[in-house]
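Residues per chain, in single letters:
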Amino acid sequence: MKRYFCAAVIFAITLTAASGFAQAVKQAQTKVILMISEQNIDGPRSAWWASEVDLSATESSIARKLIEQGFEIIEPSSLSGSVKSDKAYRVLDITDQSSVKLGKNAQADYVVLGKAVASAGGPVPESSMRSCFANITVKIINCKTGKVVSYLDGTGSSVHTDVITGGKEALVKAADSVALKICEALKQNVVVSQ
């Protein structure tokens, strides 16, 4: 009897480990495009698809977390040909449909589309420091279905003598606050779509 019980326990553990491994493999194959426009304090709003820049501070921070969790980030440099050839991609306020089309062309599974904005607050009393705040909102779109699977947001704050640097710090903190939410939402949707 003990022998059968031990065999059943070992089988259950093996099955659970295999399931976890299969999910990790599926997750590692999940390709994501980050399309988050960013505006720092006193600066213009920018986005890699509308101008010839790389990932923003916000996108870089989110990309780092997604890569740590086993997701594959499609780099803007690999999409430059598609972006240059279609003017629909060259606007800051890109539509869901255009972002999904770009995602399909790049064979991505999901597009994370959003905006990140930093703003300056008042001066810190008896100091030359300024308060800086950032807000980020994103939606995750399934490229196969074109449907939004999650809406998420995050915030960050910083205090700095230079508002530009303080704004960047706040943007990175906002990105960090939403990055884990993005990872969880993607994991849930990868499991659901299996």
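For the structure itself, look to the data block above.
Everything numeric in this text was worked out from a predicted model, so none of it was measured. (Residues numbered from 1 in each chain as written. Predicted model: local features only at pLDDT ≥ 70, side-chain atom pairs only at ≥ 80, totals over all residues. Heavy atoms only, no water.)

Participant: Would you take a moment to explain the sheet that holds strand E1 (residues 31-39) for this structure?
Facilitator: Sheet strands line up and pair through hydrogen bonds in the backbone, either parallel or antiparallel. Pairing in this open sheet of 5 strands is mixed, and the strands run E2-E1-E3-E4-E5 from one edge to the other. Each having just a single partner strand, strand E2 (72-73) and strand E5 (148-160) make up the two edges of the open sheet. For E1 and E2, the ladder comprises 2 bridges, and the chain directions are parallel. Counterpart to Val 32 in the pairing with E2 is Ile 73. Packed on one face of the sheet, helix H2 (residues 57-68) meets E1, E2, strand E3 (110-123) and strand E4 (130-142) and runs near 155° to E1. (Pairing = 2+ DSSP bridges. Helix = DSSP H or I, 4+ residues; strand = E, 2+ residues; numbered from the N terminus. Contact = heavy atoms within 4.5 Å. Axes fitted to C-alpha atoms, helices over the stretch in contact; angles between N-to-C directions.)

Participant: Even after reading the chapter, I still don't get the nonpolar core, so can you show me in this structure?
Facilitator: Most often, soluble globular proteins have nonpolar side chains that are buried together. Within the largest apolar cluster, 31 residues are counted, with the highest numbers of intra-cluster contacts made by Ile 62, Leu 66 and Ile 182. No other element matches the 12 residues that helix H5 (residues 163-193) contributes to this core. Non-local contacts of Ile 62, meaning those with residues more than four positions away in its chain, are made with Leu 34, Ile 36, Ile 136, Ala 175, Val 178, Ala 179 and Ile 182. Among the nonpolar cores identified, the runner-up in size contains 18 residues, and Trp 49, Tyr 89, Ala 108 and Ile 141 belong to it. (Core = buried A, V, L, I, M, F, W, Y, C linked by side-chain atoms within 4.5 Å. Buried < 20%, exposed > 50% of the residue type's maximum accessible area, 1.4 Å probe, protein only.)

Participant: Would you mind going over the pairing of E4 with me for this structure?
Facilitator: If a strand is regular, its side chains alternate between the two faces of the sheet. As judged from the 12 bridges shared by E3 and E4, these two strands associate in the antiparallel manner. Looking at the pairing, Ser 119 lines up with Phe 133 of E4. Counting the residues that bridge the hairpin from E3 to E4 gives 6 residues, and of these Glu 126 lies at a positive phi of roughly 55°. As paired strands, E4 and E5 are joined by 12 bridges and run antiparallel to one another. In the sheet register, Thr 137 faces E5, and the bridge partner there is Asp 153. Counting the residues in the hairpin turn of E4 and E5 gives 5 residues, including Gly 146, whose phi is positive at 75°.

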